[in-house]
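# Secondary and tertiary structure notes
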Amino acid sequence: MRPDPGPEHAERMYSLVACAARLPDVQTVVEANHDDNRWWPLSVHDWRLRMAVAGWSTRVSYSMISTYASVVSHADCLGWSRLTALDDPALGAVIRPLGLAASRIGYLRSLADLVGHSDAAGVDLTSMRTEELVGLLAARVRGAGYKVAQCAALYARGYHCGIIPVDSGMVSKLAPFLGVQLSPGPAAHEQFRHVLQAGASSMAGRYKQLACDLGYRVHIPGDADPTWFVHLVLIYFKRLYLNRPGPRLCPRRPACDRFLDCACHAT
């Protein structure tokens, strides 16, 4: 069951994005990752490799971004066919710098099995509806679950495909901060995704105007909802302000209408 992404959620969500987007540190990282994301780079063209890379990007710290980029570049140079044909020791040598080699190998093998079965059955994964693709990846790819499946679907289809992926911190920290109630368990990732996507779509023009008014150096296609922009603003706000709450952050859950620099600390 999805929570109702009604107008009150959409308006509150816009207010938070507008507040977060004005923060210089948020703007810096959004601009650095919007048009060519460091975690899911445009240089990878094969949608199958993009799905693999999306799974590998989980649980990689920011301090390892150069190492991660090297692993992605190596895998991209090998290509899907050569990469998936490697035996486990050779594949492990490619992935090992990221850590958790066994689980990352398992993810790739499982993804390769799904791609192979789909090809044999004449099923085009890239043309599936988002709900079907996310559900299939979550159910059939080892170690995926909804949060990785959302990322894999987005990266495979492109930044501006309309998907807002939701990680665990967005469920546990951002949703309560916004006052959005979710069901317990993995389904919360899908529920919150629908809330965020509905909010971004219903106010697409306002979000695009916000990015313009604030001078964001990003390209949002005219025919696309600004879901990628909204996702990056929210996830970086979460990482910079909610993961380690500081004195500027409203201490209430849900937060007051100001979100930051409010009077709630004194009450």
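Keep in mind that this is a model prediction, so the values were computed, not measured.

Before going further, it helps to spend a moment on the packing of aromatic side chains. Following the criterion strictly, the structure yields 10 aromatic pairs and no others. Of the aromatic side chains, those joined through ring pairs into one cluster are Trp40, Tyr155, Tyr159 and Trp228. Here the guanidinium or amino end of arginine 206 rests over the ring plane of tyrosine 14, the centre of that ring lying 4.1 Å away.

Counted under the stated rule, the structure contains 1 cavity of 30 Å³ or more. Here the largest cavity defines a volume of roughly 40 Å³. Along the walls of the largest cavity sit His9, Arg12, Met13, Leu178, Val180, Val195 and Leu196, which together make up its complete lining. Elements with a minimum of two residues in the lining of the largest cavity: α1 (7-21) and α10 (187-202). For the lining of the largest cavity, the leading source of residues is α1, giving 3 residues. Counted by class, the lining of the largest cavity contains 5 nonpolar, 1 polar and 1 charged residues.

Further remarks concern helix α7 (residues 130-140). Of all the positions in α7, only Thr130, Leu133, Val134, Leu137 and Ala138 are classed as buried. The arc that holds every buried residue of α7, seen down its axis, measures 125 degrees, which confines them to one face. Summarising the contacts, the buried residues of α7 are in contact with α3 (47-56), α6 (101-120), α8 (145-157) and α10.

It is worth spelling out the layout of surface pockets at this point. Which parts of space are left empty comes out when a probe the size of a water molecule is rolled across the atoms. Approximately 870 Å³ is the volume attributed to the largest pocket. Lining the largest pocket are 34 residues, and of these Ser57, Thr58, Arg59, Asp167 and Arg239 sit closest to its centre. Of all the elements in the fold, those that place two or more residues in the lining of the largest pocket are α6, α8, α9 (168-178) and α12 (227-242). The element contributing the most residues to the lining of the largest pocket is α12, with 7 residues. Grouping the amino acids of the lining of the largest pocket by side-chain chemistry returns 15 nonpolar, 11 polar and 8 charged.

Below, the discussion takes up the nonpolar core. Counting 98 residues, the largest nonpolar core has Trp40, Phe192 and Phe237 as the members making the most contacts within it. Ranked by the residues each element gives to this core, the list is headed by α12, at 11 residues. When residues no more than four places from it in sequence are discounted, the contact partners of tryptophan 40 are Val53, Ala54, Ser57, Tyr68, Cys151, Leu154, Tyr155, Tyr159, Pro165 and Trp228.

Mapped onto the fold, glutamate 190 is located in helix α10. A polar atom in the side chain of glutamate 190 sits 2.7 Å from the side chain of arginine 193. For glutamate 190, the contacting residues outside a window of four places in its chain are Glu131, Val134, Tyr146 and Gln150.

Turning our attention to the packing of α3 against α8. One way to put it is that α3 packs onto α8 with a least axis distance of 8 Å and a crossing angle of 145 degrees. Pair α3 / α8 crosses with right-handed handedness. Contact with α3, carried on its side by Trp47, Arg50, Met51, Val53, Ala54 and Gly55, involves Val148, Cys151, Ala152, Tyr155 and Ala156 of α8 and no other residues of that element. Partitioned by chemical class, the residues of the contact of α3 with α8 number 9 nonpolar, 1 polar and 1 charged.

Below, the discussion takes up the pattern of salt bridges. One pass over the structure, following the stated rule, counts 9 salt bridges. Between arginine 206 and glutamate 11 there is a salt bridge, with its nearest N and O atoms 3.2 Å apart. Within this pair, whereas arginine 206 is found in helix α11 (residues 204-213), its partner glutamate 11 is found in helix α1, the two being separated by 195 residues in sequence. Overall, the relative accessible area of 34% leaves glutamate 11 in the partly exposed class. With a closest N to O distance of 2.8 Å, arginine 109 and aspartate 88 form a salt bridge. Taken together, the residues span a long stretch of sequence, with arginine 109 in helix α6 and aspartate 88 in helix α5 (residues 88-95) at a distance of 21 residues. Exposure remark for aspartate 88: the relative accessible area of 42% places this residue in the partly exposed category. Residues joined in a network through salt bridges with shared partners are Glu131, Glu190 and Arg193.

Rules used in this analysis
Residues numbered from 1 in each chain as written. Predicted model: local features only at pLDDT ≥ 70, side-chain atom pairs only at ≥ 80, totals over all residues. Heavy atoms only, no water. Phe/Tyr/Trp six-rings, centres within 6.5 Å; stacked < 30°, edge-to-face > 60°. Lys NZ or Arg CZ within 6 Å of the ring centre and 35° of its normal. 1 Å grid on protein atoms, 1.4 Å probe; cavity = no way out; pocket = protein on both sides within 12 Å on 5 of 7 lines; lining within 4 Å. Points joined across faces, edges and corners; volume = space filled by probe spheres on them. Helix = DSSP H or I, 4+ residues; strand = E, 2+ residues; numbered from the N terminus. Nonpolar A, V, L, I, M, F, W, Y, C, P; charged D, E, K, R; others polar. Buried < 20%, exposed > 50% of the residue type's maximum accessible area, 1.4 Å probe, protein only. Arc of directions from axis to C-beta. Contact = heavy atoms within 4.5 Å. Core = buried A, V, L, I, M, F, W, Y, C linked by side-chain atoms within 4.5 Å. Polar contact = N/O pair within 3.5 Å; in protein donor to acceptor, adjacent residues only side chain to side chain. Axes fitted to C-alpha atoms, helices over the stretch in contact; angles between N-to-C directions. Left-handed = near helix turned anticlockwise from the far one by under 90°. Salt bridge = Lys/Arg side-chain N within 4 Å of Asp/Glu carboxyl O.

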